[in-house]
Amino acid sequence: MADINVYQPLLMDADFERLDDFFESDRAPSDALDTIGAHGFLVALAVAPTALSAAHWIGELFQGEPAFADEQERDEILALLETLKVNAAQALELGQLPELPFELTLDGLAPEETPIGDWCAGFMEGVFLDEAAWFAEDEENVATLLLPFMALSGLFDEEPDMQDFIADAQRLEALVSQLPDLVLDLYLHYRVPPEKPKPTARKKRSTRKR
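In this text the structure is predicted, and so the values were computed from the model without any measurement.

### Some thoughts on the overall build of the protein
In terms of regular secondary structure, the protein is built from 9 helices and 2 strands. Counting from the amino terminus, the protein carries its helices and strands in the arrangement β-α-α-α-α-β-α-α-α-α-α. In the protein, buried positions account for 40% of the 210 residues. Nonlocal contacts in the protein, meaning residues at least 24 apart in sequence, comprise 75% of its contacts between residues at least 6 apart. Just so you have it, the protein exposes about 12,600 Å², and 49% of that area is on carbon and sulfur atoms.

Here it is as structure tokens:
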């Protein structure tokens, strides 16, 4: 197995910049996720216990159909998005930690004021696409693993149970550093079967005649 302390880039820098240019252009719908959010969204799809069709997740990611300049641009952008998702799945399958497109620190800022909040919000949008499948088994453990993504996403700040949790700045900072490991933990949760309890040894019967 590969060294899990090595972060695996999911796209070349030039490819990521190409996506960034498109998401910042007028051709991307105003309600679409930004590049950082799309990265989180696609990593969530790589982790997800069930596969979704491209037609499904593309429509959700863009909240409609982008105004691609032509078929060539459409094929290029969609291929880059698919590559990011596939590369994430391959890295996780090898036990590698995905390289995230931001520094793993809040640096004293609120999560929603940083790319970290955007990325976690995108990740949670990926979870929402098939939420029932994510929580179908061992709901409590999945909820525990997803809690950091929820806390950093800013999507749940108004919930009373979350407010006390996110009030601790040191706790949030610690959660940020754990994000790559948590992505891998979630991936393994859905793909590594739980260990079965070892069978109890049978008691030996006495061979002496009574």
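Next comes the rest of the write-up.
### Points about the pattern of salt bridges
Taken as a whole, this structure holds 5 salt bridges when the rule is applied. Note that Arg18 and Glu76 form a salt bridge whose closest N and O atoms lie 3.1 Å from each other. Placement of the pair is Arg18 in helix H1 (residues 13-23) and Glu76 in helix H4 (residues 71-93), with a sequence separation of 58 residues. Glu76 sits in the partly exposed class, given a relative accessible area of 33%. Look at the salt bridges and you will find they share partners, linking Arg18, Arg27, Glu73 and Glu76 into a network.

About the cut-offs
- Residues numbered from 1 in each chain as written.
- Predicted model: local features only at pLDDT ≥ 70, side-chain atom pairs only at ≥ 80, totals over all residues.
- Heavy atoms only, no water.
- Helix = DSSP H or I, 4+ residues; strand = E, 2+ residues; numbered from the N terminus.
- Buried < 20%, exposed > 50% of the residue type's maximum accessible area, 1.4 Å probe, protein only.
- Contact = heavy atoms within 4.5 Å.
- Areas by Shrake-Rupley, 256 points an atom, 1.4 Å probe, with all protein chains shown as cover.
- Salt bridge = Lys/Arg side-chain N within 4 Å of Asp/Glu carboxyl O.

Function cannot be read off these values alone, since they describe shape.
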